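Okay, here's what each chain looks like letter by letter:
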Amino acid sequence: SGHYGRGGRVQVITWKMDSNKVAPSKLLTEVQSLAIENAFRSADVEEKGAVETEQVQHIAQQLLGDVLTISEVRAVVDKAEKLGSSTGVLSIQEFKDLIVDLLHTTTTRWGSLQTQLDGYVGFDTVLEQQRKKFLKKGFEFNLMVVGESGLGKSTLVNTLFKSKVSRTSCTNESPRKIPKTVEINTVTHVIEEEGVRLRLSITDTPGFGDQVNNENCWLPIYDQINQQFDNYLKEEMSVHRRKQIPDTRIHCCLYFISPTGHGLKALDVSCMKKLHDVVNIIPVIARADTMTIEERDAFKERIREDIAEAEIKVYPSALLPEDEDVQAANAPIRKHIPLAVVGRLQREREREREKE
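Note on numbering: residues in each chain are counted from 1, in written sequence order. Local features in this predicted model are restricted to residues whose pLDDT is 70 or higher, and side-chain atom pairs enter the listing and the counts only when it is 80 or higher, whereas totals over whole chains, interfaces and linings include all residues. Side-chain measures were taken over the full set of non-hydrogen atoms in the model, leaving aside hydrogen atoms and water.

Caption draft 1: Molecular detail of helix α5 (residues 126–137). Between its terminal C-alpha atoms α5 stretches 16 Å, which fits the 16 Å expected from 12 residues at 1.5 Å a residue. Looking one or two places after α5, you find G138, whose phi comes out positive at around 85°. Secondary structure counts use DSSP, requiring at least four H or I residues in a row for a helix and at least two E residues in a row for a strand, with both numbered from the N terminus. A helix is expected to span 1.5 Å for every residue after the first.

This is the structure:
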């Protein structure tokens, strides 16, 4: 198999399909093997046939270039320490095995191990082909909002998508009393912006936290999320699978916290602890305009402490592996969790006045 790239370079490696296990070093081309051996010998100044594990990082960077990310360098160091755990050194064969494993599992930055192209291949059009494919197909996003009544869930969703997309604002349901049990209601829209179509599904949970006894009020929500996973898995495993499987899995859950100023309620803690393993939870402080800046900041700090104490995993999760780009993007987001939000329908009201 080959990985092609414009700019006069191609990364090639040949895999031998055999029932017998092939040593990783035998998968290298002659040019690649020679380059690795030369780099190894340049570091083995005493000609002992081995290098210390501390040197492996520098040899790898010499081979692959100094463009390796921090996570890739860390992978090199971890692999070297694992291979040389007993002796503290690596032989040339062990070093070759390490480099091959690194190339195939960790990085596409092959540096001097890349192979020169003799001409233009044309694979650089793959990105454009994928873009057209996704634009034609459209995207899906399933959002769930969880919180007590009166926290502005519908208002915030309408504000986010600049349209009446929440169930209460786009259906003909008449106002009614709070349901006796937690209900699960989903409304779906197709919205389009600059030629990009999005199938947006909003799932809300009327009745949550509004009863005298709220024990296990999270259970219908938990069951609904898991049911969507089961439905998708059954479709994937079906013999007569559909060409395009509808994705009804919940991608994100906005959990609304009442702006009490006293931290998380017991209901909030128990619910988020049950849901954090099955859905991405983003905690938001509803109606944040009811607090001063100082009160808001103090409240957010209390919530962070409660989340840490209860070991609740919120999005973006710090437990997932991240490269440097993702870490840089997520770092400022984590600083603002929980988000303090205010939903406004002022523009819509102004339009209604203009019509009058």
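Let us keep going from here.
Caption draft 2: Quick peek at helix α8 (residues 219–237). Helix length check: α8 (19 residues) gives 27 Å between terminal C-alpha atoms against 27 Å at 1.5 Å per residue, within 8%. A contact between two residues is defined here by any heavy atoms of the two lying within 4.5 Å. In this fold, the buried residues of α8 make contact with β6 (139–146) and α9 (266–275).

Caption draft 3: Expanded view of the pairing of strand β9 (residues 252–257). Counting buried residues along β9, six of its six residues qualify, which places the element largely inside the surrounding structure. The buried label applies to any residue whose accessible area, calculated with a 1.4 Å probe on protein chains only, is under 20% of its type's maximum; exposed applies above 50%, and partly exposed to all values in between. Residues C252, L254 and F256 line one face of β9 and the alternating positions C253, Y255 and I257 line the opposite face, and both faces are buried. For two strands to be treated as a pair, DSSP must find at least two bridges joining them. Of the pairings in the sheet, the one linking β6 to β9 comprises four bridges and is parallel in character. Looking at the pairing, V145 lines up with L254 of β9.

Caption draft 4: Molecular detail of the packing of helix α2 (residues 53–64) against helix α4 (residues 92–105). The N-to-C vectors of α2 and α4 enclose an angle of 55°; their axes lie 12 Å apart at closest approach. Judged by the angle between their axes, α2 and α4 are oblique. When the axes of α2 and α4 are compared, the crossing they make is right-handed. Across from V56, I59, A60, L63 and L64 in α2, the residues of α4 making contact are F95, L98, I99, L102 and L103. Grouping the constituent residues of the contact of α2 with α4 by class yields 10 nonpolar, no polar and no charged. Axes, fitted as lines to C-alpha atoms, cover a helix only where it is in contact. Angles between the N-to-C directions of the axes lie from 0 to 180 degrees. With respect to orientation, any angle under 35 degrees is reported as roughly parallel, any angle over 145 as roughly antiparallel, any angle of 65 to 115 as roughly perpendicular, and every other angle as oblique. In this scheme the handedness of a crossing depends on how the near helix is turned from the far one: anticlockwise by less than a right angle means left-handed, clockwise means right-handed. Residue polarity is assigned by list, with Asp, Glu, Lys and Arg as charged and Ala, Val, Leu, Ile, Met, Phe, Trp, Tyr, Cys and Pro as nonpolar; anything else, Gly included, falls into the polar class.

Caption draft 5: Broad picture of unusual backbone geometry. At the junction of Y315 and P316, the peptide bond is cis and its omega measures out at -5° in the coordinates. Not every positive phi belongs to a glycine, and N216 is a case in point at roughly 65°. What makes N216 partly exposed here is its relative accessible area of 42%. The phi angle at R287 is positive, at roughly 50°, despite the residue not being glycine. Locating R287 in the fold gives a position in the loop between β10 (281–285) and α10 (293–310).

Caption draft 6: Summary view of the nonpolar core. If you look at the biggest cluster of nonpolar residues, it comprises 45 residues, and the most contacted ones within it are F208, I221, I225, L254, Y255, F256 and V279. Contributions of two or more residues to this core are made by β6, α6 (153–161), β8 (196–204), α8, β9, α9, β10 and α10. A total of six residues in this core trace back to one element, the largest contributor, which is β9. Those residues in contact with Y255, other than ones at most four positions away along the chain, are V146, F208, L267, D268, C271, M272, I281, I282, P283 and V284. Take the buried Ala, Val, Leu, Ile, Met, Phe, Trp, Tyr and Cys residues and link them wherever side-chain atoms come within 4.5 Å; each set so joined is a nonpolar core. Core analysis: the next-biggest nonpolar cluster, separate from the first, contains 24 residues, L28, A39, V56 and L102 among them.

Caption draft 7: Quick peek at the packing of aromatic side chains. Ring geometry is summarised as follows: Phe, Tyr and Trp rings, the Trp one being its six-membered ring, pair when their centres sit within 6.5 Å, and such pairs are stacked at plane angles under 30 degrees, edge-to-face over 60 and tilted between the two. What the rule picks out here adds up to four aromatic pairs. Aromatic pair F134 and F139: ring centres 6.1 Å apart, planes at 20°, arrangement stacked. Residues W218 and Y222 carry aromatic rings whose centres are separated by 6.0 Å and whose planes lie at 90° to one another, so their mutual orientation is edge-to-face. For Y222, a relative accessible area of 28% translates into the label partly exposed. Sitting over the ring of Y232, R249 keeps its end group 3.7 Å from the ring centre. Charge over a ring is defined by NZ of Lys or CZ of Arg lying within 6 Å of the ring centre and within 35 degrees of the ring normal.

Caption draft 8: How the structure looks around the sheet that holds β6. Spatial ordering of the open sheet is given by β7-β8-β6-β9-β10-β11, a layout of six strands whose pairing is mixed. Of all strands in the sheet, those bounded by a partner on one side alone are β7 (185–193) and β11 (339–340). Sheet topology places β7 next to β8; nine bridges connect them, and they run antiparallel. The residue bridging V190 from the neighbouring strand is R199, located in β8. With respect to the sheet, α6 is in contact with β6, β7, β8 and β9, its orientation differing from that of β6 by roughly 155°.

Note that all results are geometric; they support no functional claim without further evidence.
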